[in-house]
Amino acid sequence: MQNIFTKKQFRMQAGDVTALQVRRPVCLHVGSGRVWVTIEGGSTDYWLSGGQSLDIPGRGLVVIESVNIASKLQIGLCRRHWMMRLARGAAALAKRLRSRRAIVADAPRR
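The rules behind the values
Residues numbered from 1 in each chain as written. Predicted model: local features only at pLDDT ≥ 70, side-chain atom pairs only at ≥ 80, totals over all residues. Heavy atoms only, no water. Helix = DSSP H or I, 4+ residues; strand = E, 2+ residues; numbered from the N terminus. Buried < 20%, exposed > 50% of the residue type's maximum accessible area, 1.4 Å probe, protein only. Areas by Shrake-Rupley, 256 points an atom, 1.4 Å probe, with all protein chains shown as cover. Core = buried A, V, L, I, M, F, W, Y, C linked by side-chain atoms within 4.5 Å. Pairing = 2+ DSSP bridges. Axes fitted to C-alpha atoms, helices over the stretch in contact; angles between N-to-C directions.

**Details of the overall build of the chain**
Each helix and strand counted, the chain has 1 helix and 8 strands in total. When the helices and strands of the chain are read in sequence order from the N terminus, they spell out β-β-β-β-β-β-β-β-α. Counting all 110 residues of the chain, 26% fall into the buried class. A total accessible area of about 8,000 Å² is found for the chain, and carbon and sulfur atoms account for 54% of it.

Structure, rendered in structure tokens:
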């Protein structure tokens, strides 16, 4: 089972470039430093400094460059994304419970 609450932390030296293949919506948080980020298919690039975050909407290649100084980064599932998943799961469960109650209510009594 995949742990969706895990965050991956990594460091980049000034001038380092890394490419990440993203398979689901994630959040990139810059703990310190300054980075340039471009997302495959995106219409804009992003400049982030320490304390700033960027929601990466979905699948594709993400290229990150640490600019001028070393940077500390964290990437993981955004809080709102896992909260949305949890809410959808709760709604689906509630729907199933309602349909079971309707079946039980319609069953002939003995």
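From this point, the discussion proceeds with the structure in view.
**Description of the nonpolar core**
The biggest cluster of nonpolar side chains holds 17 residues, and the ones touching the most others in it are Leu 28, Val 37, Ile 56, Ile 64 and Leu 73. Counting only elements with at least two residues in this core, the list comes to strand E1 (8-12), strand E2 (17-22), strand E3 (26-32), strand E4 (34-39), strand E6 (53-56), strand E7 (60-66) and strand E8 (71-76).

**What to know about the sheet that holds E4**
On the basis of which strands lie adjacent, the open sheet formed by 4 strands has the order E2-E7-E4-E5 and antiparallel pairing. Both outer strands of the open sheet, E2 and strand E5 (45-49), are each paired with one neighbouring strand and no more. The mean angle between the axes of side-by-side strands here comes to 25°, regardless of whether they run parallel or antiparallel. Sheet topology places E4 next to E5; 5 bridges connect them, and they run antiparallel. Residue Arg 34 lies in a different strand from E5, and its bridge partner there is Ser 49.

These results come straight from atomic positions and should not be treated as a statement about function.
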